[in-house]
Number of protein chains: 2
Amino acid sequence: MTKQRELILQILTHSDRHLTADEVFFLAKLQMPSIAMATVYNNLNAMTDAGMINRVHVDGSADCFEKDTDPHDHLRCTTCGKLANVSLPWLKDRLHQAVGTDISGYDLTVHYICPECRKKI
Amino acid sequence: MTKQRELILQILTHSDRHLTADEVFFLAKLQMPSIAMATVYNNLNAMTDAGMINRVHVDGSADCFEKDTDPHDHLRCTTCGKLANVSLPWLKDRLHQAVGTDISGYDLTVHYICPECRKKI
DNA sequence: TAATAGATTTAGATTTATTCTAACTTTTAC
DNA sequence: GTAAAAGTTAGAATAAATCTAAATCTATTA
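All values derive from a computational prediction rather than experimental measurement. (Residues numbered from 1 in each chain as written. Chains lettered and ligands numbered in written order. Predicted model: local features only at pLDDT ≥ 70, side-chain atom pairs only at ≥ 80, totals over all residues. Heavy atoms only, no water.)

A. How the structure looks around the overall build of chain A. Within chain A one finds five helices and six strands. Sequence-ordered secondary structure for chain A, helices as α and strands as β, is α-β-α-α-β-β-β-β-α-β-α. Based on the C-alpha atoms only, the size of chain A along its principal axes is roughly 50 × 40 × 25 Å. The burial tally for chain A puts 37% of its 121 residues in the buried class. Counting contacts in chain A only where the partners sit at least 6 residues apart, residues at least 24 apart contribute 44% of the total. Accessible surface, chain A: about 6900 Å² in total, of which carbon and sulfur atoms supply 50%. A gap of 6 Å separates the mean positions of the 13 positive and 15 negative side-chain charges of chain A. (Helix = DSSP H or I, 4+ residues; strand = E, 2+ residues; numbered from the N terminus. Buried < 20%, exposed > 50% of the residue type's maximum accessible area, 1.4 Å probe, protein only. Contact = heavy atoms within 4.5 Å. Areas by Shrake-Rupley, 256 points an atom, 1.4 Å probe, with all protein chains shown as cover. Lys, Arg positive; Asp, Glu negative; His and termini not counted. Charge placed at Lys NZ, Arg CZ, Asp CG, Glu CD.)

B. Seen up close, the protein's contact with DNA strand D. By nearness alone, 14 residues border DNA strand D, and Tyr41 and Asn45 of chain A together with Thr2, Gln4 and Thr39 of chain B come closest of all. Tyr41 of chain A places a side-chain nitrogen or oxygen 2.7 Å from a phosphate oxygen of DNA strand D. Measuring from a phosphate oxygen of DNA strand D, one finds a backbone N or O atom of Asp63 of chain A at 3.2 Å. Elements supplying a minimum of two residues to the surface near DNA strand D: helix 3 (37–49) of chain A together with helix 3 (37–49) of chain B. It is helix 3 of chain B that provides the largest number of residues to the surface near DNA strand D, a total of four residues. A class-by-class count of the residues in the surface near DNA strand D yields six nonpolar, seven polar and one charged. (Near = heavy atom within 4 Å. Polar contact = N/O pair within 3.5 Å; in protein donor to acceptor, adjacent residues only side chain to side chain. Nonpolar A, V, L, I, M, F, W, Y, C, P; charged D, E, K, R; others polar.)

C. Inspection of the protein's contact with DNA strand C at higher detail. Around DNA strand C sit 14 residues, and of these Thr2, Ala36 and Thr39 of chain A together with Tyr41 and Asn45 of chain B come closest. When atoms of DNA strand C within 4 Å of the protein are split into backbone and base, the sugar-phosphate part holds 81%. The side chain of Thr2 of chain A places a nitrogen or oxygen atom 2.5 Å from a phosphate oxygen of DNA strand C. Contact between DNA strand C and Ala36 of chain A: a phosphate oxygen at 3.1 Å from a main-chain N or O atom of the residue. Secondary structure elements with two or more residues in the surface near DNA strand C: helix 3 of chain A together with helix 3 of chain B. Ranked by residue count, the leading element in the surface near DNA strand C is helix 3 of chain A, at four residues. A per-class count over the surface near DNA strand C returns six nonpolar, seven polar and one charged.

D. Main features of the sheet that holds strand 3 (residues 64–66) of chain A. Residues and elements named next belong to chain A. Judged by pairing direction, the sheet is antiparallel, and its three strands sit side by side in the order 1-3-2 without closing on themselves. Whereas interior strands pair on both sides, the edge strands pair on one side only; in this sheet they are strand 1 (19–20) and strand 2 (54–56). Here three bridges tie strand 2 to strand 3, and the two strands are oriented antiparallel to one another. Among the inter-strand pairings, Asn54 is bridged to a residue of strand 3, identified as Glu66. (Pairing = 2+ DSSP bridges.)

E. Expanded view of the pattern of salt bridges. Summed over the entire model, instances satisfying the criterion amount to six salt bridges over all chains. Across the pair Glu23 of chain A and Arg17 of chain A runs a salt bridge whose closest N-O atoms are separated by 3.4 Å. (Salt bridge = Lys/Arg side-chain N within 4 Å of Asp/Glu carboxyl O.)

Structure, rendered in structure tokens:
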């Protein structure tokens, strides 16, 4: 647990939204100007592998990272692109039944219009 | 419908698997050596937008394309990476119920070990 | 405390997938 | 048959992520 890793973990912990590696890098640089992009990626990858943080693949743009490692899925606003978490505890079993073979997991993003964007229409 | 677009569509129609833009380019070049990568991407994007073909986002590697435009989801082998189609007609309604708000769609990839890879273990 | 091995970080180059640009070619419309 | 529009081409550009090699930090042993 180096200073760099600690800083990156702090940033994710205190963010109220999902952050890209680029955003983490920008925020980290404010507090530690010498930090390198490769360090951010190294640590995000290492912490993801260790199960300390969660990587979210976003179609057509950069991956995002979040502190929340409880199993959950994502809603993505088709207007502003923002991600929200949603818990679908029934889904994995239901998929296992439907597919008929053992599944190790799945990746789901549901497309919707978030409450803020819905207001603006 | 240019010659190039027709060729690309033929390639997708006659392929038994999901193809990346790169693979389409390679196969197209065999029959039309002058074809450019940009043309492949232009046409894949245009045909995707027109609903003639389907783009599949694959975590950590290049997008794939397929002729099948019936709504369906994907299984991805965690060992060899190959994609298979699966139909889950109940899922969209079930997600709509669970999320509680209108959803325009979703993206799902289920991780499993395909029959061929399973044999080799 | 000094030497050293191992891990980590840094800066920058590299890779990969994709898009952009500008010149050229083909097609279409008059 | 010519002009405008659309499409293609080659290569440059971009963005996300990884790799490399040198530098630095950390912990351990002497």
